[in-house]
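# Results of the structural survey
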Amino acid sequence: MSGGEAGQAVLLERIARALEQLVPAPAAALDWLAAPAYVLDRGGPRAVARLLAPALDLLQGIDAQKAQVVGNVARHARGHAAHDMLLWGSRGMGKSALLRAAVRAAQESDPGAIALVQVAPDALSGLTGLFQALGSQPRRFLVYIDDLGFEDGDSTGPRQLRSWLEGGVEARPANVRLAVTANRRAIVSRHLSEQDDPINPRDVVDDRLALADRFGLSIGFHACSQDDYLAIVGGYAAAHGLAWDAGDALEWSKRRGGRSGRVAWQYVTELAGRAGKALG
């Protein structure tokens, strides 16, 4: 080998080593048995070390909904027959908080029995792969999609969701149940023109509304009354040792434009700030 060829070989070797250093090491396989919760987003699935959720007794004004969700999640965690769930209705009334709290309550009885997997709206295309990964695990999972909605004219999304729920080729496995929160029972927007169209009066609407019928539990959450709102504030305030005034709490809700569990928590956060306290 000539001197020029030897030098070229050394240069190529250096380039190869530099390229190897640029290639990231393969990601370690995710342990689906180790964490209480997981998240699936565009970057793929990842573990969450701590499932943050309020105590169940702090979720007031939704007693009937709480009983259904907690009971269904507990049945699923024990390996008994359980339903997919659609939680729909008013914003800020505790739909997602209740799901997290129900899973955490089930974990307190049996830490390894069930995990929550939250799927970001931009990662729905990864659900089929997620189901394949979860189906082989000796554990139960509640796959949770928050604030789901489909754009007008989107027929693929609703039909794909129906397939996941109803035993299609890519349906969720037996150890997985789906929980979806939405602001509307129909999941998709609905216009008066859909009812008045003389050419196609109901087909599109019925196809979308039929989604709700695919969930074993379809649970409505409605705007809370003044008494319920004050009860929620009182529960949160008592739990954190905060003094409060009903008139001040109602004034806060008026400034926020409505009464809900979320507004009650925001008011209690304000109370804690005024008192110089931290909220866990």
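Scroll up to find the structure this text is about.
Here, residues in each chain are numbered from 1, in the same order as that chain's written sequence. With pLDDT at 70 or above as the cut-off, local features in this predicted model cover only qualifying residues; side-chain atom pairs require 80 or more to be listed or tallied, and sums for whole chains, interfaces and linings still use all residues. For the side-chain quantities, the full set of heavy atoms in the structure was used; hydrogens and water were omitted.

### A look at the pattern of salt bridges
- For this document, the term salt bridge refers to a Lys or Arg side-chain nitrogen within 4 Å of an Asp or Glu carboxyl oxygen. In total, this model carries 6 salt bridges according to the counting rule given.
- A salt bridge links Arg255 to Glu251; the nearest nitrogen and oxygen atoms lie 3.9 Å apart. One end of the pair is Arg255 and the other is Glu251, both in helix H9 (residues 246-256) and 4 residues apart, which spans about a single turn.
- Here Arg274 ties to Glu270 by a salt bridge, and the two come within 3.1 Å at their closest N and O atoms. In this pair, Arg274 and Glu270 both sit in helix H10 (residues 261-274), 4 residues apart, roughly one turn of the helix. To qualify as a helix, a DSSP run of H or I must reach at least 4 residues; to qualify as a strand, a run of E must reach at least 2; elements of each kind are numbered from the N terminus.

### Considering helix H2 (residues 63-77)
- Between its terminal C-alpha atoms H2 stretches 21 Å, which fits the 21 Å expected from 15 residues at 1.5 Å a residue.
- When a residue's accessible area, from a 1.4 Å probe over protein chains only, is under 20% of the maximum for its type it is buried; when over 50% it is exposed; and in between it is partly exposed. Within the span of H2, buried status applies to Gln65, Lys66, Val69, Asn72, Val73, His76 and Ala77. Buried positions in H2, seen along its axis, are confined to an arc of 145 degrees and lie on one side of it. When the buried face of H2 is taken as reference, the exposed residues oriented beyond 90 degrees from it are Asp63, Ala64 and Ala67.
- For H2, the elements touching its buried residues are strand E3 (85-89), helix H3 (95-109), strand E4 (114-119), strand E5 (140-145), strand E6 (176-182) and strand E7 (217-221). The span expected for a helix works out to 1.5 Å for each residue beyond the first. Working definition: the arc comes from the directions between the helix axis and the C-beta atoms, pointing outward to the latter. We call two residues in contact whenever any of their non-hydrogen atoms come within 4.5 Å of each other.

### Structural notes on the pairing of strand E2 (residues 44-48)
- Looking at chain direction, strand E1 (residues 37-41) and E2 are connected through 5 bridges and run antiparallel. Its bridge partner lying in E2, Leu40 is registered against Pro45.
- The turn joining E1 and E2, which pair antiparallel and follow one another in sequence, is formed by 2 residues. By the convention used here, strands pair only if DSSP detects at least 2 bridges between them.

### Observations concerning the packing of helix H8 (residues 226-239) against H9
- It is at 11 Å that the axes of H8 and H9 come closest, and there the two elements cross at 110 degrees. By the angle between their axes, H8 is roughly perpendicular relative to H9. The chirality of how H8 crosses H9 is right-handed. Counting all contacts with H8, which are made through Gln226, Tyr229, Leu230 and Val233, the residues of H9 involved are Ala246, Ala249, Leu250, Trp252 and Ser253.
- As a working rule, the residues Ala, Val, Leu, Ile, Met, Phe, Trp, Tyr, Cys and Pro are called nonpolar, Asp, Glu, Lys and Arg charged, and the rest polar, with Gly in that last group. By residue class, the composition of the contact of H8 with H9 is 7 nonpolar, 2 polar and no charged. A fitted line through C-alpha atoms represents every axis, and for helices the fit uses only the stretch in contact; the resulting angles, taken between N-to-C directions, go from 0 to 180 degrees. Here roughly perpendicular refers to angles of 65 to 115 degrees, roughly parallel to angles under 35, roughly antiparallel to angles over 145, and oblique to all remaining angles. Handedness of each helix crossing follows the sense of rotation of the near helix against the far helix: counterclockwise by less than a right angle gives left-handed, clockwise gives right-handed.

### What to know about the pairing of E3
- The element E3 is extensively covered by neighbouring structure, given that 4 of its 5 residues are classed as buried.
- Strand direction decides the pairing type here: E3 and E6, joined by 4 bridges, are parallel. The residue of E6 that forms the bridge with Trp88 is Ala182.
- As defined by bridge partners, E3 adjoins E7 across 5 bridges and the pair is classed as parallel. Directly across from Trp88, in E7, lies its bridge partner Gly220.

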